[in-house]
There are 2 protein chains.
Amino acid sequence: MEHYQARLDGVFQALADPTRRAVLGRLGQGPASISDLAKPFDMALPSFMKHIHLLEDSGWIRTTKQGRVRTCAIEKKQFTAVESWLAEQRSLWEARTDRLEKFVTAKEF
Amino acid sequence: MEHYQARLDGVFQALADPTRRAVLGRLGQGPASISDLAKPFDMALPSFMKHIHLLEDSGWIRTTKQGRVRTCAIEKKQFTAVESWLAEQRSLWEARTDRLEKFVTAKEF
């Protein structure tokens, strides 16, 4: 459970930045090299690499190196972690709404 | 667009912490006072209040004060921001999968 919580911290932390969200958006269209990914950003390469490492460490992307080119690809399964968390929250509200409905219905008779 | 991006930063940043996710989980069951919310956490009140302020500033909760009691309630509409972002990403992949499918199908004839 603690491991799951720590993983979720990283999953959401990775999304809390516009550059990282833009990189994920780009990778949603297919794998890309780091130099191609970096092009649209007015940012020094070491700063850009920090974002790439954070995305990799939190499991949002995987990278492979062939010769001098490192290619990044998205890990779609990470979206499942976010979707599961959302579904968990919804189930809490819905259980509450069901209880309220039963209470109101019971009052009617 | 920039405003939307800045808002998303805060929305995801708020979720990148187990205490804040637990508070949202608790509030999913209904509004609660700050002292009730703080009980399960082994944390000084000022530290806990930082989490509450961050949740409030990022729009995840609203708080109201009546007498000496401040009550927190969840803003479910914030989940829509996360869901919209996820849906946006999915539409990018799906467009790509459609293009690939068309390409493969075209090659077959």
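These numbers were taken from a predicted model, which means no experiment stands behind them. (Residues numbered from 1 in each chain as written. Chains lettered and ligands numbered in written order. Predicted model: local features only at pLDDT ≥ 70, side-chain atom pairs only at ≥ 80, totals over all residues. Heavy atoms only, no water.)

1. Brief notes about the interface of chain B and chain A
Line of reasoning, step 1. Across the contact, 28 residues belong to chain B and 28 residues belong to chain A.
Line of reasoning, step 2. Between chain B and chain A, a total of about 2800 Å² is buried, with carbon and sulfur atoms accounting for 61% of that surface.
Line of reasoning, step 3. For the pair chain B and chain A, the interface holds four salt bridges.
Line of reasoning, step 4. As a salt-bridge pair, Glu83(A) and Arg90(B) come within 3.0 Å of each other at their nearest N and O atoms.
Line of reasoning, step 5. At the boundary of chain B with chain A, the tally comes to seven residue pairs in polar contact (both at pLDDT 80 or more).
Line of reasoning, step 6. Those elements that place two or more of their residues in the side of chain B that touches chain A are helix 1 (2-15), helix 2 (18-27) and helix 5 (77-108) of chain B.
Line of reasoning, step 7. Ranked by residues supplied to the side of chain B that touches chain A, first place goes to helix 5 of chain B with 10 residues. (Contact = heavy atoms within 4.5 Å. Buried area = accessible area lost by both parts, 1.4 Å probe. Salt bridge = Lys/Arg side-chain N within 4 Å of Asp/Glu carboxyl O. Polar contact = N/O pair within 3.5 Å; in protein donor to acceptor, adjacent residues only side chain to side chain. Helix = DSSP H or I, 4+ residues; strand = E, 2+ residues; numbered from the N terminus.)

2. Let's talk about the side chain of Thr19(B)
Line of reasoning, step 1. Among the secondary structure elements, Thr19(B) is positioned in helix 2.
Line of reasoning, step 2. Once residues lying within four places of it in the same chain are set aside, the contact partners of Thr19(B) are Phe41(B), Met43(B), Phe48(B) and His51(B).

3. Thoughts on the pairing of strand 3 (residues 69-74) of chain B
Residues and elements named next belong to chain B.
Line of reasoning, step 1. Two strands pair when backbone bridges link them, and strand 1 (residues 32-33) and strand 3 are joined in this way by two bridges, in the antiparallel orientation. Within strand 3, the residue paired with Ser 33 across the bridge is Thr 71.
Line of reasoning, step 2. Strand direction decides the pairing type here: strand 2 (residues 61-66) and strand 3, joined by six bridges, are antiparallel. Bridge assignment links Arg 62 to a residue of strand 3, and that residue is Ala 73. (Pairing = 2+ DSSP bridges.)

4. Some details on the packing of aromatic side chains
Line of reasoning, step 1. One pass over the structure, following the stated rule, counts eight aromatic pairs over all chains.
Line of reasoning, step 2. Where Trp60(A) meets Phe79(A), the ring centres are 4.7 Å apart and the plane angle is 80°; that geometry is what we call edge-to-face. Here the residue Trp60(A) occupies a position in the loop between helix 4 (45-57) and strand 2 (61-66), and Phe79(A) occupies one in helix 5 (residues 77-108), the gap between them amounting to 19 residues.
Line of reasoning, step 3. A relative accessible area of 0% means that Trp60(A) is categorised as buried.
Line of reasoning, step 4. On the numbers, 5.7 Å between centres and 20° between planes, the contact of Phe79(A) with Trp85(B) is stacked. Linking Phe79(A) in helix 5 with Trp85(B) in helix 5, this pair reaches from one chain into another. Comparing Phe79(A) with Trp85(B) shows no difference in burial state: the two are buried.
Line of reasoning, step 5. An aromatic cluster of at least three residues, connected via ring pairs, comprises Phe12(A), Trp85(A), Trp60(B) and Phe79(B). (Phe/Tyr/Trp six-rings, centres within 6.5 Å; stacked < 30°, edge-to-face > 60°. Buried < 20%, exposed > 50% of the residue type's maximum accessible area, 1.4 Å probe, protein only.)

5. Section: the sheet that holds strand 1 (residues 32-33) of chain A
Residues and elements named next belong to chain A.
Line of reasoning, step 1. Taking strand neighbours across the sheet as the criterion, the three strands line up as 1-3-2 in an open arrangement whose pairing is antiparallel. Pairing within the sheet leaves two strands with one partner each, and these edge strands are strand 1 and strand 2.
Line of reasoning, step 2. Set on the sheet, helix 2 (residues 18-27) makes contact with strand 1, strand 2 and strand 3 (69-74); between it and strand 3 the angle comes to about 90°.
Line of reasoning, step 3. On top of the sheet, helix 4 reaches strand 2 and strand 3; it is set at about 115° to strand 2, its chief contact. (Axes fitted to C-alpha atoms, helices over the stretch in contact; angles between N-to-C directions.)

6. What to know about the sheet that holds strand 2 of chain B
Residue and element names in this part refer to chain B.
Line of reasoning, step 1. As summarised here, the arrangement of the three strands in space is 1-3-2, forming an open sheet in which the pairing is antiparallel. Each edge of the open sheet is held by one strand with a lone partner, namely strand 1 and strand 2.
Line of reasoning, step 2. In the packing of helix 4 (residues 45-57) onto the sheet, the strands contacted are strand 2 and strand 3, and the crossing angle to strand 2 comes to about 115°.

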